[in-house]
Amino acid sequence: MIIKTRTSADIPSSEITPEEVYWSRRDFMRVATAGTIGAAAGVLLVGGDAASCAQVPTTPALAHVTRNPAFVVDEKVDPVTSYSQITTFNNYYEFGTDKSDPAANAGRLKVKPWTVKVDGLCDKPGNYGVEDLVDFNNLEERVYRHRCVEAWSMVMPLDGVPLASVLKKVGPQSKAAYVEFTTLVRASEMPGIGSAGIAFPYVEGLRMDEAMHPLTFMVVGLYGKVLPNQNGAPLRVHIPWKYGFKSGKAIVRIRFTDQQPQNTWAVASPNEYGFYANVNPTVDHPRWSQARERRLPGLFKDRPTLMFNGYADQVAHLYQGMDLRKYF
Ligand SMILES: Nc1nc2c(c(=O)[nH]1)N[C@H]1C(S)=C(S)[C@@H](COP(=O)(O)O)O[C@H]1N2
Ligand SMILES: [Mo]
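Residues numbered from 1 in each chain as written. Chains lettered and ligands numbered in written order. Predicted model: local features only at pLDDT ≥ 70, side-chain atom pairs only at ≥ 80, totals over all residues. Heavy atoms only, no water.

1. Section: the packing of aromatic side chains
For the structure shown, the criterion picks out 14 aromatic pairs. Ring geometry for Y178 versus F275: centroids 5.8 Å apart, planes at 80°, classification edge-to-face. Remark: F275 occurs in the loop between α8 (264-268) and β14 (292-295) and Y178 occurs in strand β8 (residues 178-183); sequence separation between them is 97 residues. On the basis of relative accessible area, Y178 is assigned to the buried category, the value being 13%. For F275, a relative accessible area of 5% corresponds to the buried category. Through a chain of ring-to-ring contacts, the aromatic side chains of Y178, F275, Y276, F308, Y319 and Y327 assemble into a single cluster. In this arrangement the basic side chain of R142 is found over the ring face of F71, its NZ or CZ atom lying 3.7 Å from the centre. Here the guanidinium or amino end of R145 rests over the ring plane of Y311, the centre of that ring lying 4.8 Å away. (Phe/Tyr/Trp six-rings, centres within 6.5 Å; stacked < 30°, edge-to-face > 60°. Helix = DSSP H or I, 4+ residues; strand = E, 2+ residues; numbered from the N terminus. Buried < 20%, exposed > 50% of the residue type's maximum accessible area, 1.4 Å probe, protein only. Lys NZ or Arg CZ within 6 Å of the ring centre and 35° of its normal.)

Structure (structure tokens):
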């Protein structure tokens, strides 16, 4: 992380944006206080709450979003992360490998029109527009924990539809045991493509029962607004009990298959990243512990990691009888 020195006079008041007020006054106060303390110390963190320069995106509001009270977190334990933090500290290697690169570079990506190829073991393969797959007149907002394999986490208000509702539209066949997601490669708009050290397209996949699980979400928005490019516009999945790398951004292909998909990180480094990638404090990454995590914008790994990222009651049964040390 880059640490930059700035005086309070350098911080335009526009950096305390209305988005921070969206969640609650308490969150606004938290953000404002963090900014004040940072400024007083003369040190601000790039990608931090109040220090994200001009790169905080502005996207249009989504018209038909309803908060779904079945998918919330305890705000006292898990205060929602600020919009500026969620949109300026990202992993999206197509735009560069620094956490600040996607915010700096993803703006140029053209996300309209957008076509998703659906193929493999389903009854209605074809090319679909995003609007054909996602019902934009009936979006819900869910607040989910988001845990990266690198041991940082955030809490995000995401807008979208259950992934199951998307998949059912195209008629998965009974032989489809897995679904694979392939994401966009467009070198002309993606400056990180040649230098990321992983192969593109970025590919991910889920077992069919994971994909159809009610927690699994197809995301088109953040904080009630159209999803910013750096967060995966126009279409991105989120599987809240798994490490963040399972959630491919800018999905262009959905393929149903009877074979376990070869997901990018498992191919790149099979000893470090598996197919399942369930958040698990008892299975360490070969190079670091997963027992604790850093909750952004905090600097320290001072929170215990929760089994299945806190969603064990809902998903543990999916893995009954499986050795999670082997299927990591
Ligand atoms: N296409 C694509 N999707 C991707 C990635 C990527 O590099 N390319 N990175 C993944 C990783 S490692 C994480 S942790 C999350 C980060 O999501 P966020 O930036 O919205 O927090 O996106 C995932 N989806
Ligand atoms: Mo990640």
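2. Some thoughts on the site of ligand 1
Taken together, 18 residues lie near ligand 1, and Y93, E94, H146, S247 and K249 sit nearest. Contacts to ligand 1 include Y93, whose backbone N or O atom sits 2.8 Å from an oxygen atom. Residue N231 places a side-chain N or O atom 3.2 Å away from an oxygen atom belonging to ligand 1. Within the complex, 98% of the 540 Å² of free accessible area of ligand 1 lies under protein. (Near = heavy atom within 4 Å. Polar contact = N/O pair within 3.5 Å; in protein donor to acceptor, adjacent residues only side chain to side chain. Areas by Shrake-Rupley, 256 points an atom, 1.4 Å probe, with all protein chains shown as cover.)

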